[in-house]
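For reference, the chains in residue letters:
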Amino acid sequence: MTDQPLQTDLEAIVRDARGEMEHSSTPEALESWRVSYLGRRGRLTLLLRSLASLSLEERRTVGAEANRAKAQLEQLLEQRQQALKQETSRLLQEGRIDVTLPGRPVPLGRLHPITQTVREICAAFVSMGFDAVEGPEVEWEHYNFDALNIPRDHPARDMWDTLWVDWTDPTSQQRRMLLRTHTSPMQARVMEKTRPPVRVVVPGRVYRYEASDATHEWHFTQVEGLAVDERITFADMKGTLYEFAHRIFGADRKVRFRCDYFPFVEPGAEMAIDCFACQGKGCRICKDTGWIEIMGAGMVHPKVLDGVGYDPSVYTGFAFGLGVERIAMLKYGIEDIRLFYANDVRFLRQF
Ligand code: YSA
């Protein structure tokens, strides 16, 4: 062999290959050896490919050497595979491989506690005749605000400040969307596509421009509920939500409704359960009130019904929206919402 760079490379490849083969004593190691020298991007394969750029004369000498090297490596691999097979059957015959040993355990994953809670909440409503549907997290301002009777400049928009997404559509128009601040935009989306009766729950991720603390995250999960039909009353809403609270928190839980304001309901209410930690006596968790708020709710505002083409003199309905992390915190006695998203498996394994 003459002293040319490619020939030097070739010698190095053969030397390395032989050296590595000495230490390859399992089928996996042999396969990895094959890939690194003879595979599609293996060292020898790449060198063979690079021969095309040499002169005819050089190609003749180096090419012949390289093909010889390839045949040698292939033979080496073949011999090693045969030897390994013989060794394995010898060990089996001598009974040194115990095929009755149990397999290595495969670690099993599990559902995140928030996913579990979402499923539990949805299952409770599905058993009461609701369908579960999902909607987009990147939403139009119209559905997040205007269709919910929250026009531009309405003070309620401050409470639901969010992140905006600017983009250019295929006709080169500048567009503005937002990360939805609640699951309520799905109310109008569902009603636009269906005629009453409507009974849906909508689980999903929501976003707010908000600092995190023990009970607030800037992204969290809600479940929205909507029921619209002829003659639906506030009593239907109370009955449905009582039933829900008892299924999730147990039959002994007391439930309280109080007036609250949301622009898209009239009347509006907040629903609370008696504190699980002190049984309503007052403690740190319920801030000495004895009650813990779990959701906002109310009778769908006539303007919202009108906006989707439902006649408010014929149809009425109720809607509600609950925070899933808060429900999970209550259910499992967790004091800091941030634990759900800290990716600490010691915490997550407990569920
Ligand atoms: C009200 C009436 C309806 O007819 C329908 C829906 C609603 C709920 C309304 N869309 C809403 O989002 N209300 S809310 O701002 O008070 O949030 C609802 C629930 O989400 C709260 O009760 C709380 O449990 C949870 N939540 C709010 N901000 C949060 C949060 N959870 C975690 N982090 C935050 N930053």
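Every chain is numbered on its own, with residues counted from 1 as its sequence reads. For this predicted model, a pLDDT threshold of at least 70 governs which residues receive local features, and a threshold of 80 or more governs which side-chain atom pairs are given and counted, while totals over whole chains, interfaces and linings are taken from all residues. For side-chain calculations, the full set of non-hydrogen atoms in the structure is used, while hydrogens and water are omitted.

Student: Hey, could you run me through the overall build of the chain in this one?
Tutor: The way it works is that DSSP assigns letters per residue, a run of H or I at least four long becomes a helix, a run of E at least two long becomes a strand, and they are numbered from the N terminus. Per the secondary structure count, the chain includes twelve helices and ten strands. Radius of gyration means the value over C-alpha atoms here, while the globule rule gives 2.2 Å times the residue count to the 0.38 power. Taken over C-alpha atoms, the radius of gyration comes to 34 Å for the chain, far larger than the 20 Å a tight globule of 351 residues would show. Whether a residue is buried, partly exposed or exposed follows from its accessible area with a 1.4 Å probe, protein chains only, as a fraction of its type maximum: under 20%, in between, or over 50%, in that order. Going through the 351 residues of the chain one by one, you find that 42% of them count as buried. Any pair of residues with heavy atoms lying within 4.5 Å of one another is described as a contacting pair. For the chain, contacts bridging at least 24 residues in sequence account for 64% of all contacts bridging at least 6. Note on areas: Shrake-Rupley with a 1.4 Å probe; residue coverage comes only from the protein chains shown. Total accessible area computed for the chain in this model is approximately 20,200 Å², and 51% of it derives from carbon and sulfur atoms. In this tally, Asp and Glu contribute negative charge and Lys and Arg positive charge; neither His nor the terminal groups of the chain are included. The location of each charge is read from NZ of Lys, CZ of Arg, CG of Asp or CD of Glu. Taking the average place of the 45 positive charges on the side chains of the chain and the average place of its 50 negative ones, the gap between the two points comes to 4 Å.

Student: Sorry if this is basic, but what is going on with the packing of aromatic side chains here?
Tutor: Working definition: rings of Phe, Tyr and Trp (its six-membered ring) pair if their centres are within 6.5 Å, and the pair is stacked with planes under 30 degrees apart, edge-to-face with planes over 60 apart, and tilted otherwise. For the structure shown, the criterion picks out 15 aromatic pairs. For the pair Trp140 and Trp167, a centre-to-centre distance of 6.2 Å together with 45° between the ring planes defines the contact as tilted. Highlighted residues: Trp140 in the loop between β2 (138–139) and α6 (141–144) and Trp167 in strand β3 (residues 164–168), separated in sequence by 27 residues. Members of the aromatic cluster, joined through ring pairs, are Phe125, Phe130, Phe244, Phe318 and Phe320.

Student: Is there a simple way to explain the pattern of salt bridges in this structure?
Tutor: A side chain of one charge can pair with a side chain of the opposite charge if their charged atoms are brought near each other. Criterion for a salt bridge: a side-chain nitrogen of Lys or Arg within 4 Å of a carboxyl oxygen of Asp or Glu. According to the stated counting rule, one finds 23 salt bridges in the structure shown. We note a salt bridge from Asp146 to Arg157, for which the minimum N-O separation is 3.3 Å. Linking Asp146 in the loop between α6 and α7 (156–159) with Arg157 in helix α7, this pair joins segments that are eleven residues apart in sequence. For Asp146, a relative accessible area of 36% translates into the label partly exposed. Salt bridges sharing partners connect three or more residues here, namely Glu87, Arg90, Glu94 and Arg96.

Student: How should the environment of Tyr209 be read in this particular structure?
Tutor: Residue placement: Tyr209 occurs in the loop between β5 (198–207) and β6 (219–230). Taking relative accessible area as the criterion, Tyr209 reaches 62% and is therefore assigned exposed. Once you skip the residues sitting within four places of it in the chain, Tyr209 turns out to touch Asp161 and Thr162.

Student: What is the right way to look at the sheet that holds β2 in this model?
Tutor: Sheet strands associate in pairs through backbone hydrogen bonding, adopting either a parallel or an antiparallel arrangement. Pairing between strands requires that DSSP locate at least two bridges from one strand to the other. Sheet architecture is open: three strands sit in the order β2-β4-β3, paired in antiparallel fashion. Strand pairing shows two members of the sheet lacking a second neighbour, β2 and β3, which therefore form its edges. Here two bridges tie β2 to strand β4 (residues 174–179), and the two strands are oriented antiparallel to one another. Looking at β4, one finds that Val138 is bridged to Leu179.

Student: Help me understand the site of the ligand in this model?
Tutor: Near is defined per residue: the residue qualifies when any heavy atom it owns lies within 4 Å of the molecule or strand. Surveying the vicinity of the ligand reveals 24 residues, the closest of which are His182, Ser184, Arg208, Glu210 and Val265. Note that a nitrogen atom of the ligand is positioned 2.9 Å from one of the side-chain N or O atoms of His182. Counting of polar contacts relies on pairs of N or O atoms within 3.5 Å, with two restrictions inside protein: one atom must be capable of donating a hydrogen and the other of accepting it, and residues adjacent in sequence are counted only when both atoms are side-chain atoms. Within the side chain of Arg208, an N or O atom sits 2.9 Å from an oxygen atom of the ligand. Taking 690 Å² as the accessible area of the ligand by itself, protein coverage stands at 95%. Among the detected pockets, the ligand sits in the largest pocket. Both cavities and pockets are sets of points on a 1 Å grid over the protein atoms alone; in a cavity a 1.4 Å probe fits but cannot get out, in a pocket the set is open with protein on both sides within 12 Å along at least five of seven lines, and lining residues sit with an atom within 4 Å of a point. Criterion for pocket placement: a molecule counts as inside a cavity or pocket if more than half of its atoms are within 2 Å of its grid points.

Student: It is not clear to me how the packing of helix α1 (residues 5–22) against helix α2 (residues 27–38) should be interpreted in this structure. Could you clarify?
Tutor: Helix packing geometry: the angle between the two helix axes and the distance between the axes. Interaxial angle, 0 to 180 degrees, is taken between N-to-C directions of lines fitted to C-alpha atoms, where a helix line uses only the stretch in contact. Running from amino to carboxyl end, α1 crosses α2 at an angle of 175°, the nearest separation of the two axes being 11 Å. Overall, the two elements α1 and α2 adopt an arrangement that is roughly antiparallel. In contact with Ile13, Asp16, Ala17, Glu20 and Met21 of α1, α2 contributes Leu30, Trp33, Ser36 and Tyr37. In terms of residue class, the contact of α1 with α2 is built from six nonpolar, one polar and two charged. Throughout, the term roughly parallel applies to angles under 35 degrees, roughly antiparallel to angles over 145, roughly perpendicular to angles from 65 to 115, and oblique to all others. Put simply, Ala, Val, Leu, Ile, Met, Phe, Trp, Tyr, Cys and Pro go in the nonpolar bin, Asp, Glu, Lys and Arg in the charged bin, and everything else, Gly too, in the polar bin.

Student: Looking at this model, I keep getting lost on the nonpolar core. Mind explaining?
Tutor: For soluble globular proteins, the rule of thumb is that nonpolar side chains tend to be buried together. For our purposes a nonpolar core is just a set of buried Ala, Val, Leu, Ile, Met, Phe, Trp, Tyr and Cys residues, chained together by side-chain atoms within 4.5 Å. Of all hydrophobic cores here, the largest spans 45 residues; its most connected members are Ile121, Leu241, Phe244 and Ile294. Setting aside chain neighbours within four positions, we find Leu241 in contact with Phe125, Phe257, Met271, Met295, Ala297 and Phe320. One finds Ala147, Ala188, Val200 and Tyr315 within the second-largest nonpolar core, a separate group that totals 27 residues.

Student: Is there a simple way to think about α1 in this case?
Tutor: Every α-helical turn comprises 3.6 residues, leaving residues that sit three or four positions apart pointing alike. Here, expected helix span is obtained from the residue count minus one, scaled by 1.5 Å. Compared with the 26 Å implied by 1.5 Å per residue over 18 residues, the 26 Å span of α1 between its first and last C-alpha is a close match. All of the buried residues in α1 are Leu6, Gln7, Leu10, Ala12, Ile13, Val14, Ala17 and Met21. Residues of α1 that are buried in the fold lie against α2, α3 (43–50) and α4 (56–93).

Student: Please explain the sheet that holds strand β10 (residues 315–323) as it appears in this structure.
Tutor: Pairing is mixed in the open sheet, where seven strands are placed in the order β1-β5-β6-β10-β9-β8-β7. Among the strands making up the open sheet, the edge pair consists of β1 (131–132) and β7 (255–260). Sheet analysis places β5 next to β6, joined by ten bridges and oriented antiparallel. Following the sheet pairing, Tyr207 is matched in β6 by His219. Across the face of the sheet, helix α9 (residues 234–249) comes into contact with β7, β8 (265–274), β9 (291–300) and β10 while running at roughly 150° to β9. Along the sheet face, helix α11 (residues 324–332) touches β6, β8, β9 and β10 and points at about 60° away from the line of β10.

Student: Could you clarify how one ought to interpret the pairing of β6 in this entry?
Tutor: Here is the key point about a regular strand: its side chains alternate between the two faces of the sheet. Within β6, eleven of the twelve residues are buried, which leaves it mostly tucked inside the rest of the structure. Pairing geometry for β6 and β10, over nine bridges, is antiparallel. Residue pairing for β10: Gly225 is matched across the bridge by Phe320.

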